[in-house]
Amino acid sequence: MLATSSRRRPLGRTIVHVAVALSLAFGILAGAGGYWAVIKAPELVRSPYDPAVIAAARTVPRGIIRDRDGTTLARNETDANGELYRVYRSPVISQAVGYASSRYGRAGLELAYDAELSGLAGDPVSDALRKFGTDPYDPKDLTLALSYELQKAAVAALGDRNGAVVMLDPRNGEVLALASTPTYSASALSDPSTADATFKALQEDEDQPLLPRATLGRYVPGSVFKIVTAIAGLGSGAITPRTTYKEQPAAERDGLVVNGFRIRDGHHLFTGSKALDFVQATEVSCNIWYALTGLAIGGADLVDYAGRLGFGAQLPFELPTAISQVTNGSGSAPGGFVDDVELANAAYGQAETFVTPLQMALVVSTVANDGELMRPRLVTGVTGERGTRTIGPATIRRVIDGGDAAAITEAMVAAVEGEDGRRYTTGAKVPGVTTAGKSGTAELGGRGEPHSWFIGFAPAESPRVAIAVLVEQAGRGAEAAAPIAGDLMEFWLDRSE
């Protein structure tokens, strides 16, 4: 017995160990509680599975959404059962503003700013404590950079054709219009009495009206991609505005042979035997010149400069965006190209190159803004009971210097206003205003008519608007996209004076 007793641990030491263990356990629990209650609170109040978010959706009037001029775009109504539902000004805004439906969830800005509109978002401490207050909700109103009148004009210009229009202020990244067609009635989706039938019809529609083509549609760009190649060529030093290629004139007649593959460019044979420089090649949209430039740049630098413009990743934007690509990256050549044939074709917007209209609007906006890429913004202000939080402009990065941007602007002005360039951009010029632009005819490999593209900005010497227009399978750029762009830029410049 004496031997056994001598091996027992002293009682005091045991108590100390238990106390330390309990303190550690309580410390871990307190830390975890603080982490989820404070650090992760902003994320939790945006979760559609959070009970407070679910309750808010059913009982709290959502914040109002207004355009840049104060026009109400989204507001609340009450149905016969006393339940709230959203009403939207017009289907023309549905692809940007989205919908808030008790049956089918959220889309567009209604989803991106769900916590703010339902009144659950604030600073981290407020987010942590608000649920425990007597009035936990502070629904916030949104003010958009979007112009309802311009958005309405863009949808009308596209008409019954599938396509997209993106218009930006290149100086600050404000999104002035974000239009996709066909569109749909967000009000019908939000109203419980019509939601089911509306959603079923939209799902069965082969034209995919629920697809926001401006941000999630990916298209072969054709010749509008030449502006990306120009940025990479001048930015990397592979070319200058005076660059010519001795083999280009003969290749106009016989084709350019790259690794046994013949690239042809017969749409501007009127250039004869002249070796074109950068401005001239851009004015007449010379595929041969741009194919040679792509080879001179190299795959690695072409992909790198495209990446500086946003290619290869989701764009920093309030809404989801598809990823634009120069190549699918499956090849072993520099930049992920399969070989020089793919690189040469990609340089004038064919091969495995796919883009969103928003991405191309950012490309042309970068040129218009002296080579500086601005973050695109739909929402400019969030207003609640504590005042308004302004969302101001932000620079993503400088892509090229001002001198290179000026050289590209000169070439794009020639593409719209030059004697030869006018053949490819009919209708794009804004009357009385120097206009810069580039059209595109994106061949689809025998699968129907090409996509019609145009990107541009005005006034060229002091840009206030940049635009990208895509009309699906509508033929040459000059036939559909360019006239739409010219009319919409004129409309906006007249309104904003």
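Residues numbered from 1 in each chain as written. Predicted model: local features only at pLDDT ≥ 70, side-chain atom pairs only at ≥ 80, totals over all residues. Heavy atoms only, no water.

## Here we look at the overall build of the protein chain
So, step 1. Broken down by element type, the protein chain carries 21 helices and 17 strands.
So, step 2. By residue count, 54% of the 497 residues in the protein chain fall in the buried class.
So, step 3. The contacts of the protein chain with a sequence gap of at least 6 include a subset with a gap of at least 24, amounting to 68%.
So, step 4. With an accessible surface of roughly 21,200 Å², the protein chain has 53% of that area assigned to carbon and sulfur atoms. (Helix = DSSP H or I, 4+ residues; strand = E, 2+ residues; numbered from the N terminus. Buried < 20%, exposed > 50% of the residue type's maximum accessible area, 1.4 Å probe, protein only. Contact = heavy atoms within 4.5 Å. Areas by Shrake-Rupley, 256 points an atom, 1.4 Å probe, with all protein chains shown as cover.)

## Quick word on the side chain of lysine 226
So, step 1. Here lysine 226 shows up in helix H13 (residues 226-236).
So, step 2. Although lysine 226 lies buried, it forms no salt bridge, and the closest oppositely charged side chain, aspartate 265, sits 6.1 Å away as judged by the N-O distance.
So, step 3. A polar contact is formed between the side chain of lysine 226 and the side chain of asparagine 287, at a distance of 2.7 Å.
So, step 4. Contact partners of lysine 226, with chain neighbours within four places excluded, come to Ser285, Cys286, Asn287, Tyr290, Ala347, Tyr348 and Lys438. (Lys, Arg positive; Asp, Glu negative; His and termini not counted. Salt bridge = Lys/Arg side-chain N within 4 Å of Asp/Glu carboxyl O. Polar contact = N/O pair within 3.5 Å; in protein donor to acceptor, adjacent residues only side chain to side chain.)

## Here's the deal with unusual backbone geometry
So, step 1. At the junction of threonine 181 and proline 182, the peptide bond is cis and its omega measures out at 0° in the coordinates.
So, step 2. Looking at where proline 182 falls in the secondary structure, it is placed in the loop between strand E8 (175-181) and helix H10 (186-190).
So, step 3. That bond from alanine 458 to proline 459 is cis: its omega, -20°, falls within 30 degrees of zero.
So, step 4. Backbone geometry at aspartate 370 places phi at a positive 60°, although glycine is not the residue there.

## Let's talk about the sheet that holds strand E17 (residues 465-471)
So, step 1. In space, the five strands of this open sheet follow the order E8-E7-E17-E16-E15, with antiparallel pairing throughout. In this open sheet, the two strands that pair with only one neighbour each are E8 and strand E15 (436-442). Recorded for the sheet is a direction-independent mean angle of 5° between the axes of neighbouring strands.
So, step 2. As paired elements, strand E7 (residues 163-168) and E17 share six bridges and run antiparallel to each other. In the strand pairing of E17, alanine 164 is matched with leucine 470.
So, step 3. Against the sheet, helix H9 (residues 148-158) engages E7, E8 and E17, with an angle of about 30° to E8.
So, step 4. Lying on the sheet, helix H19 (residues 357-368) is in contact with E7, strand E16 (451-458) and E17; it crosses E16 at an angle near 30°. (Pairing = 2+ DSSP bridges. Axes fitted to C-alpha atoms, helices over the stretch in contact; angles between N-to-C directions.)

## Topic: the packing of aromatic side chains
How two aromatic rings sit relative to each other is given by the distance of their centres and the angle of their planes.
So, step 1. Enumeration over the complete set of coordinates arrives at seven aromatic pairs.
So, step 2. Between tyrosine 99 and tyrosine 184, the aromatic rings sit 6.2 Å apart at their centres with planes inclined by 80°, giving edge-to-face as the arrangement. Of this pair, tyrosine 99 sits in strand E4 (residues 99-101) while tyrosine 184 is found in the loop between E8 and H10, placing the two residues 85 residues apart along the sequence. As far as the burial class goes, tyrosine 99 and tyrosine 184 line up, both buried.
So, step 3. With 4.9 Å between their ring centres and 70° between their planes, tryptophan 289 and tyrosine 290 make a pair best called edge-to-face. For the pair tryptophan 289 and tyrosine 290, one class covers both residues: buried.
So, step 4. Feature note: the residues Tyr245, Phe278, Trp289 and Tyr290 constitute an aromatic cluster, connected by ring pairs.
So, step 5. Positioned above the aromatic ring of tyrosine 148, the side-chain terminus of arginine 89 is 5.4 Å from the ring centre. (Phe/Tyr/Trp six-rings, centres within 6.5 Å; stacked < 30°, edge-to-face > 60°. Lys NZ or Arg CZ within 6 Å of the ring centre and 35° of its normal.)

## Notes on the packing of H9 against helix H21 (residues 481-495)
So, step 1. Two elements in contact, H9 and H21, have axes separated by 10 Å at closest approach and are oriented at 160°. Judged on the interaxial angle alone, H21 and H9 are roughly antiparallel. Of the two elements, H9 crosses H21, and the hand of that crossing is right-handed. Note on element contacts: H21 touches H9 through Ile484, Leu488, Phe491, Trp492 and Arg495, opposite Glu149, Leu150, Ala153, Ala154, Ala157 and Leu158.
So, step 2. Split by residue class, the contact of H9 with H21 holds nine nonpolar, no polar and two charged. (Parallel < 35°, antiparallel > 145°, perpendicular 65-115°, else oblique. Left-handed = near helix turned anticlockwise from the far one by under 90°. Nonpolar A, V, L, I, M, F, W, Y, C, P; charged D, E, K, R; others polar.)

## Let's talk about the environment of threonine 434
So, step 1. Locating threonine 434 in the fold gives a position in the loop between helix H20 (402-417) and E15.
So, step 2. Its relative accessible area of 29% is what places threonine 434 among the partly exposed residues.
So, step 3. Measuring from C-alpha to C-alpha, the distance between threonine 434 and proline 463 comes to 9.6 Å, with 29 residues separating the pair along the chain.
So, step 4. Those residues within four positions of threonine 434 in sequence are excluded, and the remaining contacts are Val413, Glu417, Lys429, Ala458, Pro459, Ala460 and Glu461.
So, step 5. Within the local environment of threonine 434, its side chain forms a polar contact with the side chain of glutamate 461, the two groups lying 3.5 Å apart.

That's the geometry; what it means functionally is another story.
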